[in-house]
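Observations on the model geometry
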Amino acid sequence: LRDISARARTFGKCGALMAEATRRLSSACRLNPSGSGAVGGNGGEGETGENDEQLGVINERRESVGEEMTSVLSVLGEILDEVADAQVSMCQSLEASLSLSLEAFAGVELNEATRLRSEADVMSENAESSFSKYMHGRHSERANMAGGI
């Protein structure tokens, strides 16, 4: 169970990385430079020059691939965003279902098994002690006396 739990956790981490890669691909399909999000922002002074530069890069890319291909790539980018959302959701669900549930189950069952083993050890010791008293105690003396008469 611990192995399954650990693998589910690893699956969740890898799935999150895959979703991030899918989002970056989506951004590239939308012709955004270096995986950045939509151009715009808070309008700070330092961002204005950077935004103008990004807009220039986006416009160059759109001109180079053409209007029709830009439209197709934009739709593909939206689809990839939905895929990334689904990946994150699926990985979180699987990790929560397997990893956390199995760890809790294993912990409870391990405690129960340990408790039962301790009880069995105590009962075995008591039974051995009682049997030893029976074999070497008063009953054996009576048997010897009865056999000696």
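Read on for an overview of the structure. (Residues numbered from 1 in each chain as written. Predicted model: local features only at pLDDT ≥ 70, side-chain atom pairs only at ≥ 80, totals over all residues. Heavy atoms only, no water.)

Along the polypeptide, Gln87 turns up in helix H3 (residues 67-136). Taking relative accessible area as the criterion, Gln87 reaches 16% and is therefore assigned buried. Those residues in contact with Gln87 that lie beyond four places of it in its chain are Met18, Ala19 and Thr22. (Helix = DSSP H or I, 4+ residues; strand = E, 2+ residues; numbered from the N terminus. Buried < 20%, exposed > 50% of the residue type's maximum accessible area, 1.4 Å probe, protein only. Contact = heavy atoms within 4.5 Å.)

Moving on to the pattern of salt bridges. This structure, assessed with the given rule, holds six salt bridges. Close ionic contact of Glu20 with Arg24 constitutes a salt bridge, the shortest N to O distance being 3.3 Å. With a gap of four residues between them, Glu20 and Arg24 both fall in helix H1 (residues 2-29), about one helical turn apart. Residue classification places Glu20 among the partly exposed positions, given a relative accessible area of 37%. Residue Glu112 pairs with Arg115 through a salt bridge whose shortest N-O separation is 2.6 Å. Separated by three residues within a single helix, Glu112 and Arg115 lie in helix H3, roughly one turn from each other. In this structure Glu112 comes out as partly exposed when scored by relative accessible area, which is 33%. Owing to a relative accessible area of 38%, Arg115 belongs among the partly exposed residues under this scheme. Beyond isolated ion pairs, a larger network of salt bridges with shared partners links Glu112, Arg115 and Glu119. (Salt bridge = Lys/Arg side-chain N within 4 Å of Asp/Glu carboxyl O.)

As a further point, take unusual backbone geometry. Backbone geometry at Leu31 places phi at a positive 65°, although glycine is not the residue there. In this structure, Leu31 sits in the loop between H1 and helix H2 (45-65). Taking relative accessible area as the criterion, Leu31 reaches 8% and is therefore assigned buried.

The grouping of Leu1, Ile4, Phe11, Met90, Leu94, Leu98 and Phe105 at the surface amounts to a nonpolar patch, some 590 Å² of accessible area in total. For the nonpolar patch, the elements supplying multiple residues, two or more each, are H1 and H3. If one sorts the elements of the nonpolar patch by residue count, H3 sits on top with four residues. (Patch = residues over 30% accessible without salt bridge, like charges linked within 9 Å, V, L, I, M, F, W, Y side chains within 5 Å. Areas by Shrake-Rupley, 256 points an atom, 1.4 Å probe, with all protein chains shown as cover.)

That is the geometry; function is a separate question.
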